[in-house]
Amino acid sequence: RGGRGNRRFNHNNGGERFQRYRDYDEHDDRGEFTNNFQRTPNKGRRVSFKTTGRQGNRHRFSDETIRSILEEDDDMTTGGPSTSNRNHNRGSLSTRRRGSPIPRRGNFGGGGQGKRRKLQAGTSGWYQVAIQHGHQFSKDVLFKQILNNIQPDIFVPHYFATEGNGCSFFVDEFETAEKLYKNNIVSMPTGQTITMKVFSSVPNVNVDANLKLRIKHAMPKRYNGQTRALDLTKFHADPDLTDIFVGLSRVSVMGAAIEVIAENVPEIETLILSENKIFALTHFDTLAKKCHNLKNLCLRNNKISMLNTLDNLKALPLTELVLAGNPIKDKLQPRQYISEVRKRAPKLVILDGEPLPPQIGFDVTTDGVLPPAKASYLSDANGTTIVRQFLEQYFLLYDSENRQPLLDAYHEHASFTLTTYSPFDEIPDRGLKPYSFNNRNILKLNYDRRRRAVKYGRLPVVSYLSELPPTQHDPQSFGVDLSVYLPQMILLTITGIFKEKRKNQSQPLRSFQKCLLIVPSGSGFCIRNEMIHITDVTKDQTINAFKQPPLVSEAPPQAPIVPVTPIQAMPSTSGHVDDVTKMRMVEAMAQKSNMNMEWSRKCLEETNWEFEKAGYVFSELHKQNKIPPEAFIK
C-alpha cells in the first residue's frame, strides 16, 4: 500500500512534504507523526472493507480474479508474432493495458463487435483510402486484390502514394468509396490481411507557378478558337495531369485556372466546367472583370447547393446558364428556382437548355437617378383650388372646440377607421392610449373586433371624432397628394403633425396620415371614406413643428401686390363667437383681403375676432408693405 502511494505526489512545491510522508510510510508502525503531521496512535482499529455474508456463501468472482484472468489472456495473446503491433493498435481488446477497467461490449476497440457507422458523403466529393502496412506489397498486387474483393464493381484509383509503412490513394465517387468502406478487409496472396480506412478528404496540392504552367499546357487542346469555347469537363482526369491533383473544386486551384484563362484567352465566350465537383464560385468575380465577353457558362453535374453561391455570378453578362445536376435545383420548386437564378443573372435567356419566358420588369438602369422628392403631388392641377378650400374648412372645424359642424363634411353612409402605433404605449403619460381604444390593427384583432372598429354613418363618425382629444394642426407641415381627380371622385392623402390641447399640461405632438375619398354632394363635396393613422413624431418633425414663416422686412420688388378693396364693416362681434360665425368671418376676410384662409384666420385671432379692427390692421400693414407674400398664396 505504501509502495504505490509514495510514487504519486513527489513533485513541485509539495515534494518535501510528501517526502516526509514517504519516509514515514516505509516503517508504518501506526504511531505519531513528527512536527506538523502528528496524530495519536489508533488503538487496534484499522480501516478495511467488510464483505456481507451472502458474498461469502455464493461463489462469485471478485474484480481481482476477473482482472487476473484477463491479464493471463493478454499474456497468451500478445506473446506470439503479433506482439510488435501492440503499440500501434492500442484500441483493441487483445492489447488492453494491464490493470485497465474491463471493457464493455459493442463498438469500442473494434474486434468486429458492434455496428459500424455509415460512411457520410463529403462536400468535396473526394475520398481517401489509407492502407496500413501497405508498403509490403506492390501497387498492382494491392489493386488486384482490392478489385477481387469488391467485384463485380470496379474502381479508378487516383494519386497513389506511399508514406512510411503505409500507402493511400483517392477515389472520386461516393458509391465506390462506400463499397470499399463496407469491404475494408482484404486478403493478400501471402495469407495476410490488410485493412482499408476510407474517409472524406481532398488531395493536397501546392498552388504555385509550376501548377499554373501545367494548367496552361493542358488547356490548348480543350479550347475551340472558332466558337471561343473552353471545355474543362472533368479537368482533374485530364491525361496530362494524372500525376498531379488539379481539382477545380479547390478554391485555390479554381483561382489559378481563372488567372490562366484571363491571361491567355480573355476573349472567351463559353466556359464549360461540368463534372468538377465545384461547390463554391469564389473567384468568378475576377472572371467577370477580365473576361467581358463571357456569355455562356455550364456548371452541369457539380456540388452547388446554396443560393448565395450564385451571388458571384451577378457581375457576369450571362445569357445562357446550365445548373442541371446540382443539388440546388432539387431543393427549390421550378418557379422559385427560375426566379432566384434570374435575380443573380438578370440578362439570362436560356436556363438548363430551356428558353425562359420574358421577364416582367422596369426598363431602369442600375445607375439611374431617382427624381427629386416633392412635398406634394397633384395628378391634376385643376383640383388645386377645390382641395385647398376643402382642407382649410375641414381643419378649421376639426380644431375648433365643437366638432359637430363636421356633420356636413361627411356622407350619409360614410365609413371611418383609425390605426395607431407607438412603442411607448406601456409607459405612463406617453404613447397613444387616447386613440388606441378603437385601434383597428388587423394583425392583432379577430374578425368581430375588426368589424366593430369600423364606424359607419355620418353621426357615428362625427360622434367618435368629438370624443378624441382637442387638437391644433400645423398647416406648414402638411403634405398633400392628390392621386385621383375626377368629376365623380377625389382621392387625396394628407400627412402632417398636430398637437393635443391639454390645460395646464404639456401638449404632445403627433404625426398623422389621413386618406380621404371625396365625392360630390349637392353644390359641394363630402367625405365618403376616411382612414387615418396616428403615430409618434420624429426628431426632425419636432424641431420644425409650428414654426412661423419668416417675416420679410421689405417686400421684394418682384413680389406681386394684390389690389385690395376696402373691407366693409360688419356688425359688432364682441363677446362670445361660435365656430360657425368664426368660419364665416374667415371666409369674408379672405374674400375682402385676398389673403388665404390661414392668414385671414390669424388676423382675426390677433384682433380677438373683431372684424372691423382686423380690417383696419390689415389695411395699415398692407400700406406699409409688412404683410409677407406668403399670405397671398392660395
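Please refer to the structure placed before this passage.
Here is a short report on the structure shown in this document. Everything quoted here is computed from the prediction, not taken from an experiment.

## A closer look at the packing of aromatic side chains
Right, on to step 1. Here the structure, examined in full by the defined rule, presents 16 aromatic pairs.
Right, on to step 2. Their ring planes at 85° and their centres at 5.9 Å tell us that Phe143 and Phe155 sit as a pair that is edge-to-face. Of this pair, Phe143 sits in helix α5 (residues 139-150) while Phe155 is found in the loop between α5 and β2 (158-163), placing the two residues 12 residues apart along the sequence. As far as the burial class goes, Phe143 and Phe155 line up, both buried.
Right, on to step 3. Judged by centre distance (5.0 Å) and plane angle (50°), the rings of Phe395 and Phe478 are tilted. Of the two residues, Phe395 is situated in helix α12 (residues 384-398) and Phe478 in the loop between β16 (471-473) and β17 (479-485); the sequence distance between them amounts to 83 residues.
Right, on to step 4. An aromatic cluster is defined as three or more aromatic residues linked by ring pairs; in this entry it consists of Tyr394, Phe395, Tyr398, Tyr410, Phe478, Phe498 and Phe512.
Right, on to step 5. The aromatic ring of Phe546 is capped on one face by Lys499, whose charged end is 4.6 Å from the ring centroid.
Right, on to step 6. We note Lys602 situated over the ring of Trp599; from NZ or CZ to the ring centre the distance is 4.8 Å.

## Structural notes on the pattern of salt bridges
Right, on to step 1. Considering all chains together, one arrives at 16 salt bridges under this definition.
Right, on to step 2. Close ionic contact of Glu598 with Lys602 constitutes a salt bridge, the shortest N to O distance being 3.5 Å. One end of the pair, Glu598, and the other, Lys602, are both in helix α18 (residues 597-606), 4 residues apart, so they sit about a helical turn from each other.
Right, on to step 3. Take Glu598: its relative accessible area is 24%, and that puts it in the partly exposed class.
Right, on to step 4. A salt bridge links Glu605 to Arg601; the nearest nitrogen and oxygen atoms lie 2.5 Å apart. Of this pair, Glu605 and Arg601 both sit in helix α18, separated by 4 residues, roughly a single helical turn.
Right, on to step 5. A relative accessible area of 21% places Arg601 in the partly exposed class.
Right, on to step 6. Through salt bridges that share partners, Lys221, Arg222, Asp238 and Asp240 make up one connected network.

## Notes on the sheet that holds strand β6 (residues 223-224)
Right, on to step 1. Taken in spatial order, the 7 strands line up as β6-β7-β8-β9-β10-β11-β12 in an open sheet, and their pairing is mixed. Here the strands that pair on one side only, and so sit at the sheet edges, are β6 and β12 (354-355).
Right, on to step 2. When strand β7 (residues 229-231) meets strand β8 (residues 270-272), the two strands line up parallel, connected through 3 bridges. Along β8, the bridge assignment pairs Leu230 with Leu271.

## Some remarks on the pairing of β17
Right, on to step 1. The pairing of strand β13 (residues 377-378) with β17 spans 2 bridges and is classified as parallel. Opposite Tyr377, over in β17, you have Asp481 as the bridge partner.
Right, on to step 2. Pairing geometry for β17 and strand β18 (residues 490-500), over 6 bridges, is antiparallel. In the sheet register, Val480 faces β18, and the bridge partner there is Ile494.

## Describing the nonpolar core
Note that soluble globular proteins tend to have their nonpolar side chains buried in a common cluster.
Right, on to step 1. If you look at the biggest cluster of nonpolar residues, it comprises 51 residues, and the most contacted ones within it are Ile261, Leu271, Leu273 and Phe284.
Right, on to step 2. Residue assignment for this core shows that the elements contributing at least two residues are α7 (209-218), α8 (251-264), α9 (284-290) and α11 (334-344).
Right, on to step 3. Among the elements that line this core, the one with the most residues is α8, at 7 residues.
Right, on to step 4. If sequence neighbours within four positions are ignored, Leu271 has contacts with Leu230, Leu232, Ile261, Leu287, Leu294, Asn296, Leu297 and Cys298.
Right, on to step 5. Grouped together as the second largest cluster of nonpolar side chains are 35 residues, Phe390, Ala414, Tyr464 and Leu468 included.

## Description of the packing of helix α17 (residues 579-593) against α18
Right, on to step 1. Taken N-terminus to C-terminus, the directions of α17 and α18 make an angle of 110°; their axes are 8 Å apart at the nearest point. Between α17 and α18, the angle falls in the class roughly perpendicular. Considering the relative orientation of α17 and α18, their crossing is right-handed. Mapping the contact onto sequence places Met585, Val586, Glu587, Met589, Ala590 and Ser593 in α17 and Met597, Ser600, Arg601, Cys603 and Leu604 in α18.
Right, on to step 2. Classifying every residue of the contact of α17 with α18 gives 7 nonpolar, 2 polar and 2 charged.

## Some details on the packing of α17 against helix α19 (residues 611-623)
Right, on to step 1. Relative to each other, α17 and α19 sit at 30°, their axes nearing to 12 Å. In terms of orientation, α17 lies roughly parallel with respect to α19. Our pair here, α17 against α19, has a crossing hand that is right-handed. Residues Met585, Ala588, Met589 and Ser593 of α17 lie in contact with α19, whose contacting residues are Phe611, Ala614, Gly615 and Phe618.

What counts and what doesn't
- Residues numbered from 1 in each chain as written.
- Predicted model: local features only at pLDDT ≥ 70, side-chain atom pairs only at ≥ 80, totals over all residues.
- Heavy atoms only, no water.
- Phe/Tyr/Trp six-rings, centres within 6.5 Å; stacked < 30°, edge-to-face > 60°.
- Helix = DSSP H or I, 4+ residues; strand = E, 2+ residues; numbered from the N terminus.
- Buried < 20%, exposed > 50% of the residue type's maximum accessible area, 1.4 Å probe, protein only.
- Lys NZ or Arg CZ within 6 Å of the ring centre and 35° of its normal.
- Salt bridge = Lys/Arg side-chain N within 4 Å of Asp/Glu carboxyl O.
- Pairing = 2+ DSSP bridges.
- Core = buried A, V, L, I, M, F, W, Y, C linked by side-chain atoms within 4.5 Å.
- Contact = heavy atoms within 4.5 Å.
- Axes fitted to C-alpha atoms, helices over the stretch in contact; angles between N-to-C directions.
- Parallel < 35°, antiparallel > 145°, perpendicular 65-115°, else oblique.
- Left-handed = near helix turned anticlockwise from the far one by under 90°.
- Nonpolar A, V, L, I, M, F, W, Y, C, P; charged D, E, K, R; others polar.

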